[in-house]
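Report on the structure
As a plain string of letters, each chain reads:
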Amino acid sequence: MRIAFIAALAAGIAAGGPAAAQISDGTIKIGVLNDRSGLYADLGGEGSVVAAKMAVEEFGGKVAGKPVVLVSADHQNKPDVGSAIAREWIDRDGVDAIVDVPHSATALGVLSVTREKNRMLMLSGPASTDFTGKSCAPTTIHWTYDSYAMANSTVRGLVKQGADTWFFLTGDNAGSHSQERDGIAFVEKAGGKVLGTVRHPLNTLDFSSYLLQAQASKSKIIGLANAGGDTVNAIKQAAEFGIVQSGQRLVGLLIFITDVHSIGLKDAQGLVFTESFYWDQDEKTRAWSRKFMERFGGRAPTAAQAGVYGAVLHYLKAVEKAGTDDSLTVSKTMKEIPVNDMFSDNFKIRADGRVVRDMYLFQVKSPAESKGAWDYYKILGRVPGDEAYRPMSEGGCPLVGQ
Amino acid sequence: MSQLLGIPPQALFGQLLLGLINGSFYALLSLGLAVIFGMLNVVNMAHGALYMVGAFVAWLLLSHAGIGYWGALVLAPLVVGAVGLVLERTMLRRLYKVDHLYGLLLTFGLALIFEGAFRHQYGVSGQPYPIPDLLKGGTNLGFMYLPTYRGWVVAASLLVCLGTWFAIERTKLGAYLRAATENPTLVQAFGINVPVMVSLTYGFGVALAGLAGVLAAPIYQVSPLMGSNLIIVVFAVVVIGGMGSILGAIVTGLGLGLLEGLTKVFYPEASNIVVFVIMAVVLMVKPAGLFGRER
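Please read these numbers as outputs of a predicted model, since none were measured by experiment.

Basis of the calculations
- Throughout this description, residue numbers start from 1 for each chain and increase along the sequence as written.
- Starting at A for chains and at 1 for ligands, labels are handed out in the order in which the entities are written.
- Local features in this predicted model are restricted to residues of pLDDT 70 or higher, and side-chain atom pairs are both shown and tallied only at a pLDDT of 80 or more, whereas totals for entire chains, interfaces and linings draw on every residue.
- Note: side-chain values were computed over all heavy atoms of the structure, leaving out hydrogens and water.
- By the criteria applied, helices consist of DSSP H or I runs no shorter than four residues and strands consist of E runs no shorter than two, each listed in order from the N terminus.
- Our radius of gyration looks at C-alpha atoms and nothing else; its globule reference is 2.2 Å times the residue count to the power 0.38.
- Using a 1.4 Å probe on the protein chains alone, a residue whose accessible area is under 20% of its type maximum counts as buried, one over 50% counts as exposed, and one in between counts as partly exposed.
- Throughout, the Shrake-Rupley method with a 1.4 Å probe supplies accessible areas, and for residues the shown protein chains are the sole cover considered.
- UniProt positions are given in the numbering used here, feature names are shortened, and annotations may be inferred rather than shown by experiment.
- Note: domain ranges come from an automatic or database domain assignment.
- Contact between two residues is taken to exist if any of their heavy atoms lie within 4.5 Å; hydrogens are not considered.
- Buried area: the accessible surface (1.4 Å probe) lost by two parts on joining, summed over both.
- At least two bridges found by DSSP between two strands are what make those strands a pair.
- The salt bridge definition used is simple: a Lys or Arg side-chain nitrogen within 4 Å of an Asp or Glu carboxyl oxygen.
- Fitted lines through C-alpha atoms give the axes, limited to the stretch in contact for helices. The angle between two N-to-C directions lies from 0 to 180 degrees.
- Crossovers are marked right-handed if the path from the first strand over the helix to the second runs clockwise, as seen with the strands pointing away from the viewer.
- Should the near helix be turned anticlockwise from the far one by less than a right angle, the crossing is left-handed, and should it be turned clockwise, the crossing is right-handed.
- The length a helix should cover is 1.5 Å for every residue beyond the first.

1. A word on the overall build of chain B
- Looking only at helices and strands, chain B features eleven helices and two strands.
- Counted from the first residue to the last, chain B has its helices and strands arranged as α-α-α-α-β-β-α-α-α-α-α-α-α.
- Its C-alpha radius of gyration of 19 Å places chain B within 12% of the 19 Å reference for a compact globule of 295 residues.
- The C-alpha extent of chain B, read off along each of the three principal axes, is 65 × 50 × 35 Å.
- By residue count, 53% of the 295 residues in chain B fall in the buried class.
- Here chain B has roughly 12,700 Å² of accessible surface; of this, 71% comes from carbon and sulfur atoms.

What follows is the structure, encoded as structure tokens:
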């Protein structure tokens, strides 16, 4: 099969383009791999599958004349489970590309499989910068955001306003460590000071003890370097302990709209954070999101879910253009054509696999400002992608400079 | 308000108080488990799920019927207790004569079904539930800020725990109940309806879980996963205290809450496992648990 591939590829190149379409086993198979039952299930989960379906339907269910098939599975936030599914999908089911994969540790496990097997991996859910740093691979694309861009945009904005002492409340897992590391670096770079950090286990119910330690530090800002249910519980309980009333501000380094929904505007109001996508941002995002909400029980899409749509759409465009599902060729094509969808405007994909997209600083509305369901954010500012993301030279990706 | 928080002894005191608050949740949940195990010999794996149902009933009452916290505090345990009665009458009852393991498997399956159904309907992110107006705000104790609601949780659960202990160990009804578990045939011969008593005991045990759910709703998110996050710890509490020992469940629940609080100060990363380390040690040294009797 491999020889056939190379032959076809050679033929394709000889013919000067996608005329000799070569799709192995006659279908394009895309696997949505994420948490479908645990604490990240609402920010990705079935919603990501719905988003991927919307992208496939936009292509009429076919690309380069061949049908597109979607599969999905629950990786349970366990690296071993995630890698086993990826292996099975690729070896047995002929899956060509895997998307989403929140929970950085699991995504790193899956990445080692896709790198070994040379398949596309388009990450939307996970936050670690390692995917475009020391663990980068030619077939990996990091789509929606990363911890560096989130921390960078948020921290710079706040330190500039005089919020120069920070305390980090950090989840004890790979993605959150990465958030904390980036957060600390930016605070110090911007001239602020980090007074302390405390780490809590994943899936913590009671944050009071950590919050009191944060309170004792007397920092102006408490940075939440965690995600999902952990962020929600931390913010709810901070309100209970009067932390915001006593003058400290909470800043989320990774907040999704589902988190704000779950906290409720009363406790979440005033929270400042960075996201790459908000459903009610402009005409284009609204139009797409309305379609999504119709199909997903009225729930607004998260940035991770919007990213899955964008990634699948762009992947299909590249397969169409390249006329093959060979991952190295497709990945190269994906990096050649500009990224365009409802929340991407001619964005580039760098050699290390980073989609350089604009990021937005948001603030959660007060209950009085909100006009209806899911009307939660106001935009404070936009950070151009080039300023938001880590420069390629600092990531240490071995692919760069080759 | 944090003038003393920098000083270790006072900070420690704050953490101990927080531990007591968590401990009172553990106590309330493990109490229900202990009552059910002690009287029915059923390892009720559905306890966490029913705690979650209690919280959801409170949320549903508020969002759909406009019934607030105080109403929910009475209604939700009744609803959960009624669910428990139905489960006991229709399913659990058939398993009393076979090995404990079957009851464990049945209730575990029920827990998965409850969680799955709520997850399907409401997602995992959880629903917001406000703190009732009367219990808003807090008091500055000098060494920490105590939210009024947390104080209320400690008081309410201690009251319920002690009341339950008293009812079972010190009243005539409790004596009947204990006698019925020792020798059901004989107690029945005295004209007491043992099956009804056993059903009511199960209903009461899970109603305690429902009550804990309502108490937890304003603090944690009301989420389908809230029970499974907690149930394992609570089981460890029951094992450490001694399966079926009511006083053991209460004392161990509070004690472990305190210990967990201390761990969060000295080595936060280990706070999730400290309970299980203690469980392992206790099982090796005293397999029946700290307050348990050898059976």
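Next comes the rest of the description.
2. A closer look at the UniProt feature "transmembrane region" (unreviewed entry) in chain B
All names here are of chain B.
- On the UniProt side, "transmembrane region" (unreviewed entry) is annotated at positions that read residues 12–35, 42–61, 67–87, 99–118, 149–168, 200–220, 232–259 and 265–285 here.
- End-to-end, the C-alpha atoms of residues 42–61 are 30 Å apart, and along that stretch the chain is 75% helix and 0% strand.
- When the span residues 232–259 is considered, its composition is 86% helix and 0% strand, and the gap between its end C-alpha atoms is 17 Å.

3. Observations regarding the UniProt feature "domain: Leucine-binding protein" (unreviewed entry) in chain A
- Within this structure's numbering, the places UniProt gives as "domain: Leucine-binding protein" (unreviewed entry) are residues 27–365 of chain A.
- Span residues 27–365 of chain A is 43% helix and 22% strand, its end C-alpha atoms 46 Å apart.

4. Details of the domain arrangement of chain A
Residue and element names in this part refer to chain A.
- Per the domain assignment, the segments of chain A are domain 1 (22–145 + 282–353) and domain 2 (148–275 + 359–386).
- Here the C-alpha centroids of domain 1 and domain 2 sit 27 Å apart.
- Taken residue by residue, the interface counts 21 residues in domain 1 and 20 residues in domain 2.
- In total, about 1,500 Å² of surface goes out of reach between domain 1 and domain 2, with carbon and sulfur atoms giving 71% of it.

5. Notes on the sheet that holds strand β2 (residues 62–63) of chain A
- One open sheet holds the six strands; their spatial order is β2-β3-β1-β4-β5-β6 (chain A), and the pairing between them is mixed. The open sheet is flanked by β2 and β6 (140–142) of chain A, the only strands paired with a single partner.

6. As for the interface of chain A and chain B
- Facing the 37 residues of chain A at the interface are 34 residues of chain B.
- With both chains or domains summed, chain A and chain B bury close to 3,100 Å², and 53% of this area falls on carbon and sulfur atoms.
- Where chain A meets chain B, there are three salt bridges.
- Residues Lys264 of chain B and Asp206 of chain A are paired through a salt bridge, measuring 3.7 Å at the closest nitrogen-oxygen approach.

7. Focus on the sheet that holds strand β13 (residues 344–349) of chain A
All names here are of chain A.
- The strand order β12-β13-β14 describes an open sheet built from three strands, whose pairing is antiparallel. Each edge of the open sheet is held by one strand with a lone partner, namely β12 (339–341) and β14 (355–356).
- Relative to β13, β12 is paired through three bridges, and the arrangement is antiparallel. When the sheet's bridge partners are listed, Asn340 is paired in β13 with Asp345.
- Contacting β12 and β13, helix α12 (residues 303–322) crosses the sheet at an angle of about 120 degrees to β12.

8. So, the pattern of salt bridges
Residues and elements named next belong to chain A.
- Following the criterion strictly, the structure yields 26 salt bridges over all chains and no others.
- For Arg92, the salt bridge is made with Asp93, and the minimal N-O distance between the two is 2.8 Å.
- A residue is classified by how much of its surface remains accessible, and Asp93, at 24% relative accessible area, is partly exposed.
- Among the salt bridges present, the one from Asp375 reaches Lys365, with a minimum N-O distance of 2.7 Å. Here the residue Asp375 occupies a position in the loop between β15 (359–364) and β16 (377–383), and Lys365 occupies one in the loop between β15 and β16, the gap between them amounting to ten residues.
- In this structure Asp375 comes out as buried when scored by relative accessible area, which is 8%.
- A relative accessible area of 12% places Lys365 in the buried class.

9. Considering the pairing of strand β4 (residues 97–100) of chain A
All names here are of chain A.
- In this sheet, β4 lies alongside strand β1 (residues 28–34) in parallel orientation, the contact comprising four bridges. In the sheet register, Val32 faces β4, and the bridge partner there is Val99.
- The pairing of β4 with strand β5 (residues 120–123) spans four bridges and is classified as parallel. Bridge pairing in β5 places Ile98 opposite Leu121.
- Taking the sense of rotation as the criterion, the β-α-β connection linking β4, helix α4 (residues 104–117) and β5 turns out right-handed.

10. Concerning the environment of Gln215 of chain A
- Position of Gln215 of chain A among the secondary structure elements: in helix α7 (residues 208–216).
- When the C-alpha atoms of Gln215 of chain A and Ser246 of chain A are compared, they prove to be 9.2 Å apart, with 31 residues separating the residues in sequence.

11. A short note on the packing of helix α2 (residues 47–65) of chain B against helix α4 (residues 100–122) of chain B
All names here are of chain B.
- Between α2 and α4, the least distance of the axes is 9 Å, while the angle of their chain directions is 35 degrees. For the pair α2 and α4, the sense of crossing is left-handed. For the pair formed by α2 and α4, the contact residues are Ala49, Leu50, Met52, Val53, Phe56, Trp59 and Leu60 on the first element and Ala111, Phe114, Glu115, Phe118 and Tyr122 on the second.

12. Quick word on α2 of chain B
All names here are of chain B.
- When the terminal C-alpha atoms of α2 are compared, their 26 Å separation across 19 residues agrees well with the 27 Å that a helix rising 1.5 Å per residue should span.
- Counting buried positions along α2 gives 14 out of 19 residues, so the element sits mostly inside the fold.
- Of the residues one or two after α2, Gly66 is the one with positive phi, at around 70 degrees.

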